[in-house]
There are 4 protein chains.
Amino acid sequence: MPTILGQNQYGKAENRVVKITRDGDTHHIKDLNVSVALSGDMDDVHYSGSNANVLPTDTTKNTVFAFAKEHGIESAEQFGIHLARHFVSSQEPIHRARIRIEEYAWERIATSEGNSKFIGADEVKHSFARKGQETRVSQITYDGENWEVISGLKDLTVMNSTNSEFWGYVKDKYTTLKEAYDRILATDVSARWRYNWTSDEQRMPNWEKSYEQARKHMLQAFAETYSLSLQQTLYQMGSRIINSRSEIDEIRFSLPNNHHFLVDLEPFGLKNDNEVYFAADRPYGLIEATVLRDGVEPKIPVDMTNL
Amino acid sequence: MPTILGQNQYGKAENRVVKITRDGDTHHIKDLNVSVALSGDMDDVHYSGSNANVLPTDTTKNTVFAFAKEHGIESAEQFGIHLARHFVSSQEPIHRARIRIEEYAWERIATSEGNSKFIGADEVKHSFARKGQETRVSQITYDGENWEVISGLKDLTVMNSTNSEFWGYVKDKYTTLKEAYDRILATDVSARWRYNWTSDEQRMPNWEKSYEQARKHMLQAFAETYSLSLQQTLYQMGSRIINSRSEIDEIRFSLPNNHHFLVDLEPFGLKNDNEVYFAADRPYGLIEATVLRDGVEPKIPVDMTNL
Amino acid sequence: MPTILGQNQYGKAENRVVKITRDGDTHHIKDLNVSVALSGDMDDVHYSGSNANVLPTDTTKNTVFAFAKEHGIESAEQFGIHLARHFVSSQEPIHRARIRIEEYAWERIATSEGNSKFIGADEVKHSFARKGQETRVSQITYDGENWEVISGLKDLTVMNSTNSEFWGYVKDKYTTLKEAYDRILATDVSARWRYNWTSDEQRMPNWEKSYEQARKHMLQAFAETYSLSLQQTLYQMGSRIINSRSEIDEIRFSLPNNHHFLVDLEPFGLKNDNEVYFAADRPYGLIEATVLRDGVEPKIPVDMTNL
Amino acid sequence: MPTILGQNQYGKAENRVVKITRDGDTHHIKDLNVSVALSGDMDDVHYSGSNANVLPTDTTKNTVFAFAKEHGIESAEQFGIHLARHFVSSQEPIHRARIRIEEYAWERIATSEGNSKFIGADEVKHSFARKGQETRVSQITYDGENWEVISGLKDLTVMNSTNSEFWGYVKDKYTTLKEAYDRILATDVSARWRYNWTSDEQRMPNWEKSYEQARKHMLQAFAETYSLSLQQTLYQMGSRIINSRSEIDEIRFSLPNNHHFLVDLEPFGLKNDNEVYFAADRPYGLIEATVLRDGVEPKIPVDMTNL
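Residues numbered from 1 in each chain as written. Chains lettered and ligands numbered in written order. Predicted model: local features only at pLDDT ≥ 70, side-chain atom pairs only at ≥ 80, totals over all residues. Heavy atoms only, no water.

Undergrad: Explain the overall build of chain A residue by residue, including any values.
TA: Scanning chain A from terminus to terminus reveals five helices and 13 strands. Expressed as a percentage of the 307 residues in chain A, the buried residues total 65%. In chain A, 67% of the contacts between residues at least 6 apart in sequence involve partners at least 24 apart. Approximately 11200 Å² of chain A is accessible, and the part contributed by carbon and sulfur atoms is 45%. Averaging the locations of the 35 positively and 45 negatively charged side chains of chain A gives two centres separated by 2 Å. (Helix = DSSP H or I, 4+ residues; strand = E, 2+ residues; numbered from the N terminus. Buried < 20%, exposed > 50% of the residue type's maximum accessible area, 1.4 Å probe, protein only. Contact = heavy atoms within 4.5 Å. Areas by Shrake-Rupley, 256 points an atom, 1.4 Å probe, with all protein chains shown as cover. Lys, Arg positive; Asp, Glu negative; His and termini not counted. Charge placed at Lys NZ, Arg CZ, Asp CG, Glu CD.)

Next up, the structure:
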């Protein structure tokens, strides 16, 4: 046979599971989008169409929903660990499971004072508005022995309206850009950080707290860095996380430079004193880099922050 | 001529203007997407291509950016009023201007305690994260005499995890749905409310406060209504706004019923006690209605909440 | 009661139905996205939550799928007519039904010569690729007596790389645009045309042929008009359809002006002889107008072409 | 320093360049979306913000537009090769350039017979409609010595309405799926194939012809395979390309299983004889695999087909 099969994986993608936990009248939500990808002894199904080793993608879907009941959803990471372990442990032909999860955050709706006058409502503890800011993401991979957990976020739009410059760059025959000494710096953060938890022997991180802290440090570093380039800001963001969170060894960013161009108002006899900007769509600068704890081997793929 | 021209309008759509206001070190953002549509004596340009009456769409774009400097952006509504008045007043062939605005909200990034140890930062007052929840919208129309202001929001996703039922409905030969006595009620709110401010003689509403209050009342009504149908919830949401805000006479909603189906876990020997739901995409119920102050004539078009 | 209910409607939106018709080994596809909106005696469900007059949206969904079997799908329009008639005729509280349909076109995949050497295939007559060009749309409304059918298309992207000019326009203090004597004219056509078929007494148009012809005439008018403004091109497109198709009385367009800006290559010592363009995203001009058969009353709503 | 910089790259993304070539009255279009990513001696800009080695992303944008004039756009691949070579050759600190390109296809608008009666038009040779089917993609990487060219397509939606089965799979406690002996098989093809052209010494492939042929073979294999699993179909598609095109050594696919569920019409007393399907959105099966020429080392990253 002149052609052979290479890396392959399959499973059900984008299982949208919502879990309500009732603590008396007070409800809690977990809202996930779970994608399963399984690998193993899958030559036959590709070469001949024999499904003898194939657990149907429909079954992987059912397992997601059943596990939400059986194990609850403590965190996206913990839920992914339950799922990955199950597929690899219970199915002999499956040697590796990769679970990808998106999580959508919700906040409680504040209710009115003296709302008892309204129809049928006591104090409301079951009403939520979706936060709608970043999407939290996680990828859990298990090969029967070792774990890899890469978490992060995407679509977190941030802006510094000052404390950003850009000058002193290379100029070639195609360069027309003017140097900037006070510009807007804005980006949609896509970040993925890798945990150094890899084995059941190790103590597991507190996934919820770790996410919250990593996000906080990253935002603070963005806000507090006086920026001479988006690359410098990126490095500060990554470095701050590595230095603050011992459970994280590596982080990768894709940061589009969301250009805000100062509008030329001179033709109208007006002076634009860093006040009025045009927010452009395309093209945009795209700055991507990995920041690592010294001595650690990088493992986050180049394009993972663009998914 | 066997064919004639009907309603027509033109202008520059989706001008993305960001205005930074500096109050000492503390910066404020207004982030708008402004679309201009002008109507008037435009027969010639359609019939013969003569542009003698046509102010270029490029000029309407320039005006948006120039006005951000000349008038500032106190609110989306006030900004739209400046623009609409300008086009109708300054251009004889233009008889009517309609300004549509989307507004994106930002919140401040909280900075670290003792951040002085970080590079180049004092107390940070110029750093923002986009809120990313609903998009605020407004439409301002002026014909040289009367104003119409319709404001609202879209893409505000909300959920009640209980206090919703659905039963007692019509059953025909195509009905298979089972009655529900405790279900999730979730929707993406799209709402447009019309102000009764129509003339420069009247006192203008406080647009910022009015938006905030209308949003708050709507969310509270959603949370506090024990729902027997999404229609009933919709009516309560609209009614609460009309009753609470004298400046608003009419409101229209499009509320998709974001179905959360209880997953059947019995095949796996599990009981689903209103815990695990599948969040479906399509199809979805779509409930649309106008709620009016009694005696008022409705003016919000049927599809305006679907734009 | 200080607030009252205005216009309202409800139903299941975006029912994705695919119908395969087998003509021996040759298969045919109809691929629709059907949305149902019903109106009538619906005060109670809004005021009190009583569903006594409410046919569930789930039932309207079931009806769509059942009718694909019972009536087949001859055309989107004919299918919508079956559905609208059914809801109004069979449900006393329902006085008006509006069916909106999107249709996606498919083309056959050409198979290889001598393909008999490949696994398990004879001449292939059941394989399709989605065309992916415009989306065909239709809206069918019935009130128990009269019909209104508005059909059209959206997202048909077209370009003339020459034969377009723009000059002789109004210049005010915010005008900086330079006149253009040879520019690209590009747009994403969104068009809706209204048929003058309104009653079961009249002979029904051939919906499939009418769509095909209207599309063809519109494209030809776009290509063949030497354009002094996008408004002029729009009028020619509408006029050509009205003049060529007696079954159509009115047409409305929304035509974004997809700006292609000539790139200034002079800083690099190059001459740009109408060769290299930057295709911009936002802002864009937006030209909207209705073209009517003389003597006919316009009925297509202003924003219908923006849905 | 406890943290270090890992893999990094930067450049201007999504430069939308349209090139018109005039062959007398007959015009030709190339419509590309070009993204530049450069790597090299970039430690300083990350660690200290020094831009001394940084060619601005704005300059990379200018270069894209200038090169469209200087070199023309013979094919996406050839254009990317010009760009990558330029950045690596002309900028000492830049050691590697990766150019990603999306290409949008256009077709000519057929004009009317006897169109001379219409305004200002001769035979029309400058009018186009965007095809709107798949997006052609390419990635060209150069390190000053070796080339890697990976091309392909995405969003090509295809369907077989029969000749697909799925049975004989593993059944565990979470399996509820029923075996299928005649089902719809539909997917949105995302494919990337790697050329074995790696050096300026080798004869370059005919990129345009190769794309056309690879696409054709892939579609034919999809249509002509009697499928027992989507994995089997995928392998046939890849294998057909490798066997037919000697310039291609490796291909990777991501194939969502676009589920078309047979609708249960029995509750309405109807039989669904493989006629009426519900086209579901999420979840979907996702089948991903690489197919290789025997003896070749795989190089296409796992997630490249998901970008």
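From this point, the discussion proceeds with the structure in view.
Undergrad: Please set out the relation of the copies chain D and chain B residue by residue, giving values where relevant.
TA: The two copies are related by a screw motion: chain D maps onto chain B through a turn of 180° and a shift of 0.0 Å along the axis, at an RMSD of 0.0 Å. As the rotation angle and translation indicate, the two copies are arranged about a two-fold axis. Looking at the rotation axis and the C-alpha trace of chain D, the residue lying nearest is D:Asp281, at 3.4 Å. (Least-squares fit on C-alpha atoms with pLDDT ≥ 70 in both.)

Undergrad: Please set out the interface of chain D and chain B residue by residue, giving values where relevant.
TA: The partner chain B presents nine residues to the nine residues of chain D that form the contact. In this assembly, chain D and chain B are joined by two salt bridges. In this structure, B:Arg282 engages D:Asp281 in a salt bridge whose closest nitrogen and oxygen atoms are separated by 2.9 Å. Put simply, chain D and chain B have two residue pairs in polar contact (both at pLDDT 80 or more) between them. Classifying every residue of the side of chain D that touches chain B by side-chain character gives five nonpolar, one polar and three charged. (Salt bridge = Lys/Arg side-chain N within 4 Å of Asp/Glu carboxyl O. Polar contact = N/O pair within 3.5 Å; in protein donor to acceptor, adjacent residues only side chain to side chain. Nonpolar A, V, L, I, M, F, W, Y, C, P; charged D, E, K, R; others polar.)

Undergrad: Can you tell me about the packing of aromatic side chains, naming the residues and giving the values?
TA: Under the defined criterion, the tally for this structure stands at 44 aromatic pairs over all chains. Ring centres of A:Phe67 and D:Tyr174 lie 5.9 Å apart, and the angle between their planes is 70°; this geometry places the pair in the edge-to-face category. Of the two residues, A:Phe67 sits in helix α2 (residues 57–70) while D:Tyr174 sits in the loop between β8 (147–160) and β9 (185–195), which places them in two different chains. Between C:Trp197 and C:Trp207, the aromatic rings sit 5.9 Å apart at their centres with planes inclined by 85°, giving edge-to-face as the arrangement. Note that C:Trp197 is positioned in the loop between β9 (185–195) and α4 (207–224) and C:Trp207 in helix α4, a separation of 10 residues in sequence. Taken individually, C:Trp197 and C:Trp207 each receive the classification buried, so the pair is uniform in this respect. Ring pairing ties together the aromatic residues A:Tyr142, A:Trp147, A:Tyr195, A:Trp197 and A:Trp207, which thus form one cluster. For the cation-ring pair, C:Arg130 lies above C:Tyr104, with the distance from its terminal atom to the ring centre recorded as 4.2 Å. (Phe/Tyr/Trp six-rings, centres within 6.5 Å; stacked < 30°, edge-to-face > 60°. Lys NZ or Arg CZ within 6 Å of the ring centre and 35° of its normal.)

Undergrad: Pulling in residues and values, what's your account of the interface of chain C and chain B?
TA: Counting residues at the interface gives 79 residues for chain C and 79 residues for chain B. Around 6700 Å² of area is buried between chain C and chain B when both sides are counted, 52% of it from carbon and sulfur atoms. On the chain C side of the contact with chain B, C:Val170, C:Tyr174 and C:Tyr235 bury the most area, a combined 11% of that side's loss. Where chain C touches chain B, the interface holds four salt bridges. Counting only elements with at least two residues in the side of chain C that touches chain B, the list comes to β1 (3–13), β2 (15–23), α1 (43–47), α2 (57–70), β4 (94–103), α5 (230–244) and β13 (284–293) of chain C. (Buried area = accessible area lost by both parts, 1.4 Å probe.)

Undergrad: Would you mind going over the relation of the copies chain C and chain B in detail, with residue names and values included?
TA: You can overlay chain C on chain B at an RMSD of 0.0 Å; the transform is a turn of 180° with a shift of 0.0 Å along its axis. Most of the interface of chain C is mirrored in chain B, where 100% of its interface residues are also at the interface.

Undergrad: Account for the pattern of salt bridges, naming residues and giving values.
TA: Side-chain pairing between opposite charges can occur once the charged atoms of the two side chains come close. Scanning all chains against the criterion turns up 80 salt bridges over all chains. Beyond isolated ion pairs, a larger network of salt bridges with shared partners links A:Lys30, A:Glu77, A:Glu103, A:Arg136 and A:Glu208.

Undergrad: Account for the side chain of A:Asn51, naming residues and giving values.
TA: Note that A:Asn51 resides in the loop between α1 (43–47) and α2. Here A:Asn51 falls in the buried class, since its relative accessible area comes to 3%. A distance of 3.1 Å separates the side chain of A:Asn51 from the backbone oxygen of D:Leu228, its partner in a polar contact. Apart from residues lying up to four places away in sequence, A:Asn51 is in contact with A:Val45, D:Phe166, D:Trp167, D:Gly168, D:Tyr169, D:Val170, D:Leu228 and D:Ser229.

Undergrad: So, a negative patch on the surface: which residues are in play, and what are the values?
TA: All names here are of chain A. There is a patch of like negative charges on the surface, built from Asp41, Asp43, Asp44 and Glu92. Note that Asp41 resides in the loop between β3 (26–40) and α1. Residue class for Asp41 comes out partly exposed when judged on its relative accessible area of 37%. (Patch = residues over 30% accessible without salt bridge, like charges linked within 9 Å, V, L, I, M, F, W, Y side chains within 5 Å.)

Undergrad: Outline unusual backbone geometry, supporting the account with residue identities and numerical values.
TA: Geometrically, the link from C:Arg282 to C:Pro283 is a cis peptide bond, its omega value of -10° lying close to zero. Structurally, C:Pro283 can be placed in the loop between β12 (276–279) and β13. One non-glycine residue, A:Asn163, lies in positive phi territory at about 65°. Note that A:Asn163 resides in the loop between β8 (147–160) and β9 (185–195).

Undergrad: Help me get a handle on the pairing of strand β7 (residues 135–142) of chain A, residues and values and all.
TA: Residues and elements named next belong to chain A. Among the eight residues of β7, eight are classified as buried, and the element is accordingly described as predominantly covered. Relative to β8, β7 runs antiparallel, the two being bridged by eight bridges. Looking across to β8, one finds that Arg136 is bridged to Leu153. (Pairing = 2+ DSSP bridges.)

Undergrad: Let's hear about the environment of D:Glu92: which residues, and what values?
TA: Along the polypeptide, D:Glu92 turns up in the loop between α3 (76–90) and β4 (94–103). It is 35 Å that separates the C-alpha atoms of D:Glu92 and D:Ser246, two residues lying 154 residues apart in sequence.

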